[in-house]
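Observations on the model geometry
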Amino acid sequence: MELIVYLAGQIHDNWREEIVNKARDKKLLLKFVGPQTNHDRSDDIGEAVLGKQPSNYYKDDAASSINNFRTQVLMQKSDVVIALFGEKYKQWNTAMDASTAIALNKPTIIIRPENLIHPLKELSNKANVTVETVDQAIEVLSYIYE
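Because the structure is predicted, anything quoted here is derived from the model rather than measured. (Residues numbered from 1 in each chain as written. Predicted model: local features only at pLDDT ≥ 70, side-chain atom pairs only at ≥ 80, totals over all residues. Heavy atoms only, no water.)

A closer look at the sheet that holds strand β4 (residues 108-111)
Where strands meet in a sheet, backbone hydrogen bonds hold them as pairs that are either parallel or antiparallel. With parallel pairing, five strands are arranged side by side in an open sheet as β2-β1-β3-β4-β5. At either margin of the open sheet sits one strand with a lone partner, and together these are β2 (30-33) and β5 (129-131). Averaged over all neighbouring strand pairs, the angle between strand axes comes to 25 degrees, with direction disregarded. Note that strand β3 (residues 80-84) and β4 share four bridges and pair parallel. By the bridge assignment for β4, isoleucine 82 is matched with isoleucine 109. Contacting β1 (3-9), β2, β3, β4 and β5, helix α6 (residues 134-144) runs over the sheet at an angle of about 160 degrees to β4. (Pairing = 2+ DSSP bridges. Helix = DSSP H or I, 4+ residues; strand = E, 2+ residues; numbered from the N terminus. Axes fitted to C-alpha atoms, helices over the stretch in contact; angles between N-to-C directions. Contact = heavy atoms within 4.5 Å.)

Overview of helix α1 (residues 15-25)
Buried residues of α1: Trp15, Arg16, Ile19 and Ala23, and no others. The arc that holds the buried residues of α1, viewed along the axis, is 105 degrees, so those residues lie on one side. Within α1, the exposed residues directed more than 90 degrees away from the buried face are Glu17, Arg24 and Asp25. Tucked inside the fold, the buried residues of α1 contact β1, β2, β3, β4 and α6. Two residues or fewer after α1 comes lysine 27, characterised by a positive phi angle close to 60 degrees. (Buried < 20%, exposed > 50% of the residue type's maximum accessible area, 1.4 Å probe, protein only. Arc of directions from axis to C-beta.)

Structural notes on helix α4 (residues 92-103)
With twelve residues, α4 extends 16 Å from end C-alpha to end C-alpha; this agrees with the ideal 16 Å at 1.5 Å per step. Turning to α4, the residues buried within the fold contact β1, α3 (56-77), β3, β4 and α5 (121-126). The first or second residue beyond α4 is asparagine 105, which carries a positive phi of 65 degrees. (Expected span 1.5 Å × (residues − 1).)

Purely spatial values, then, with no claim about function.
Here's what the structure looks like:
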């Protein structure tokens, strides 16, 4: 049984690669999807589709519409959502995606460091599982196949 896992979270480092590689090492039957990880492509998609916009506000709005459309399609097709909250970057998109997954009743794993326990307490309470490391999230997924 192959599961589709949506990887929600910031796109500025290689945490997704780490999860994919660790899942592959464990031979888990998982397919991974997520947001557009090419930052420039994500920022420019609105103008690529709709043409030059009159200001940055409209450029961001057009890109957001298309990025949200993509996220909605991929998240609705996913079986599981993993939302990683790191320490370095702002986490607005991660919080939005995790909340959306929970509202869609998608089984959700939140990865967050210990210092984010308090700010994420309500979101963690709504998620199915909250862990502190990528390895722990992989173990949760691995348990499905036992």
